[in-house]
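Here's the letter readout for the chains.
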Amino acid sequence: MASITSSEWRVLCEKYQRSVTLSEIESKKDPENDPFRSKYNARELLKQIKSSLGQYAGENETEQGENGQQQAEKELQVEQQIAAGGDSPAGLSAARLGVIEYQLGLNHTETEELSAGEEHLMNCIRLMDKYEVTQENISLFIQSRNQIGVLWAGRGEIETAQGFLESAEALYNRYMKEDGKPPMDPNEYFMAEEEKLTEQERTKRFEKAYTYTLYYLAQVYKNLEQNDKAGLYCHTTLQRQLEFNNFAPLEWAVNAATLSQYYITKSCYMEGRHCLAAASVVVGLAGEVPSVAAAKESEAESEKREKLCQRKAEIARCWIKYCLNLINDAKKMLEDNIGELDADRQAEMKVRRRQEEEEKEKGRKTVVLFGSSDTSDSILSMEEKVSCAYPLDFNEARAIFLVGQNYVNEAKEYFQIDGHATDHIEVVQDHSALFKALAFFEDDYERCCKMHKRRIDMLEPICKDLNPQYYLLISRQLQFEVAETYYEMMDLKIAVADKQEELEAHTIRKINHLTTSSIKYYELFLDSLKTPDKKFPDKLEEDVLRPAIVAKFRIARLYSRIITADSNKQIENISQSLEYYRFVVDYCTRNQDAKKAVETELELSEEMASLLPLRLERLRAKLTSVN
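Once a new chain begins, its residue numbering starts again from 1 and follows that chain's sequence as written. Two thresholds apply to this predicted model, a pLDDT of at least 70 for residue-level local features and 80 or more for giving and counting side-chain atom pairs, whereas whole-chain, interface and lining totals are computed over all residues. Only heavy atoms go into the side-chain values, all of them from the structure, while hydrogens and water stay out.

Caption draft 1: Up close: the nonpolar core. Membership of the largest hydrophobic core comes to 122 residues, with the highest contact counts inside it found for Tyr 322, Phe 370 and Leu 540. Comment: elements are numbered from the N terminus, with helices defined as DSSP H or I runs of at least four residues and strands as E runs of at least two. Per-element tally for this core: the top contributor is helix 13 (residues 299–334), with 14 residues. Buried Ala, Val, Leu, Ile, Met, Phe, Trp, Tyr and Cys residues that are joined via side-chain atoms within 4.5 Å together make up what is termed a nonpolar core. Note on classification: 1.4 Å probe, protein chains only; a residue is buried when its accessible area is under 20% of the maximum for its type, exposed when over 50%, partly exposed between these limits. Judged by nonpolar contacts, the second largest core, of 49 residues, contains Ala 95, Tyr 175, Ala 230 and Tyr 233.

Caption draft 2: Quick peek at the environment of Ala 483. Topologically, Ala 483 is positioned in helix 19 (residues 472–497). For Ala 483, a relative accessible area of 0% translates into the label buried. Once the C-alpha coordinates of Ala 483 and Ala 399 are considered, the two residues, 84 residues apart in sequence, prove to be 28 Å apart.

Caption draft 3: Summary view of a negative patch on the surface. The patches reported here contain residues having more than 30% relative accessible area and no salt bridge. Joining distances are 9 Å for like charges and 5 Å for nonpolar side chains (Val, Leu, Ile, Met, Phe, Trp, Tyr). Surface accessibility in these figures is a Shrake-Rupley result with a 1.4 Å probe; residues are shielded only by whichever protein chains are displayed. Throughout this description, the term salt bridge denotes a Lys or Arg side-chain nitrogen within 4 Å of a carboxyl oxygen of Asp or Glu. Only four residue types enter the tally: Lys and Arg on the positive side, Asp and Glu on the negative side; His and the chain ends are excluded. By convention, the charge on Lys lies at NZ, on Arg at CZ, on Asp at CG and on Glu at CD. On the surface, Glu 599, Glu 603, Glu 606 and Glu 607 cluster together to form a negatively charged patch. Examined against the element boundaries, Glu 599 turns out to sit in helix 23 (residues 599–626). Judged by relative accessible area, Glu 599 falls into the exposed class, the value being 54%.

Caption draft 4: View of the packing of helix 20 (residues 505–527) against helix 21 (residues 542–561). Axes, fitted as lines to C-alpha atoms, cover a helix only where it is in contact. Angles between the N-to-C directions of the axes lie from 0 to 180 degrees. In the contact formed by helix 20 and helix 21, the axes pass within 9 Å of each other and the chain directions differ by 155°. Here helix 20 lies roughly antiparallel to helix 21, going by the angle between them. Crossing of helix 20 over helix 21 shows left-handed handedness. From helix 20, Ile 511, Asn 512, Thr 515, Ser 518, Ile 519, Tyr 522, Glu 523, Phe 525 and Leu 526 reach across to helix 21, where they touch Pro 547, Ala 548, Ala 551, Lys 552, Arg 554, Ile 555, Leu 558, Tyr 559 and Arg 561. Residue classes follow a fixed rule: Ala, Val, Leu, Ile, Met, Phe, Trp, Tyr, Cys and Pro count as nonpolar, while Asp, Glu, Lys and Arg count as charged, and any other residue, Gly among them, counts as polar. Here the contact of helix 20 with helix 21 is composed, by residue class, of 11 nonpolar, 3 polar and 4 charged. Angles are sorted into four bins: roughly parallel if under 35 degrees, roughly antiparallel if over 145, roughly perpendicular if 65 to 115, and oblique for all others. Less than a right angle of anticlockwise turn of the near helix away from the far helix marks a crossing as left-handed, whereas a clockwise turn marks it as right-handed. Whether two residues touch is decided by their heavy atoms; if any such pair falls within 4.5 Å, the residues are in contact.

Here you go:
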């Protein structure tokens, strides 16, 4: 670069700065019919700079070629400079050209010319790989690998992307261990000395580039189904975005809430709660929700209102899942082999929990916590509103239930049946599931029944109004759940009735109403599985196999539960019951692979199919003798 003058260099720097302005600022104003106009103009400037850099290098080579001995000496000098590092004159020259190749690669990928983008990015990487990593070039090393990684990931070549991104991560870690000083930003290669960035700005840009490395790696690991690694990298990315104040509140909050769902599936409720608390605090940094009146007056305010309401509702839904899963996981730990609360296990877990809580608090210090000086206290305050420990009795479960129910109401404000039918129904189903989970902890059968009645009240109207032609899967889910809820209420009412000396008429009517209602909705579910010519399929699809056989089994049991003094009705009901039990047995005989899915139901059906004919004979004999 010896032949370039200061004025010529100033022109190159001005062209470079202009190309950056075109790409990053003016491109946002490009018309829809010419969306890449500014990008193309920036590309022309970058090509001119590249040509000039190559020309100056060429002149130097020509001068050196005049004397063979001088050329040999120069080559030796270059090799020594390469060995010495990227901050040597040769390294500086290569880095400048590398920056242009990087920008051209970025430009081509942004204009959807991926092959050309790959070529330029690889040119940059090959240029830089000849030199040692230094404070001057580390950012370029990392950013070029980030971009080529993203490019390969976009093509679906995930393992290739992984290689480049893990290389960027390793370079960062090595640099921070061996040097750690705020490194030069690639743009500074084309800045005058007085325009160079402060150390604070250099650090900010460098850490931002590395945060992108971690973000892209999180996506890569997710695609490779390395979910634990993906969760860790996502968590670290979010933490760094807060730490370096480099985040958009709405996007950050939704990402944190989404990450909470990963922790919930791993039963890591402390971490899941932390993510949700942080999401709830950070979403508030996006500003107040504009009023309805303001939204009507301004399109911008209307868009802002829509986006804020939607994001807050999405975070509310994640909170609902947190509360629901926490109660359900506790239920699984406490229930015995017939699905009832095991009092001995409950007492044992209460003792054990006190010891575990102390250990958990110590372990928490090792968890990457979100927050800055502005948000840490608010996040902690939000966390204190709901427990992350498994509820072990009704009062503890109810406290979590109430938090979940508040978020149900918040979510339903946005996800209304008109306009958001599927989302609204899913929120209502979660609300129903919260009541079902809470009912497990309630030992009073009457109060239990009231909880299930709340489920019926919220699900049945939707079930009746929903058109199965457009919402077949959801209709099936609702039909089965309503049937199941009536079934559970029937069992509870019979348990209450068993304690009475004599059944009262209104109790009989109630039990029979619950029984026939359950049969009705199970039949609706089974009808939805029939072929267009109204025939039940000979072989059920795997996703509906167990629900369908369970429905048949329960209808069989329900018919035998109908209370009537009419002997003819009794015979009719028992005959219906026998027919359904036989269906279960016959289906599993024809389809041997179905046996595993319904082992318990099949065993009981076989037993009842052999016992009920004898019962029918006795009833018919009794009826004949009476007549």
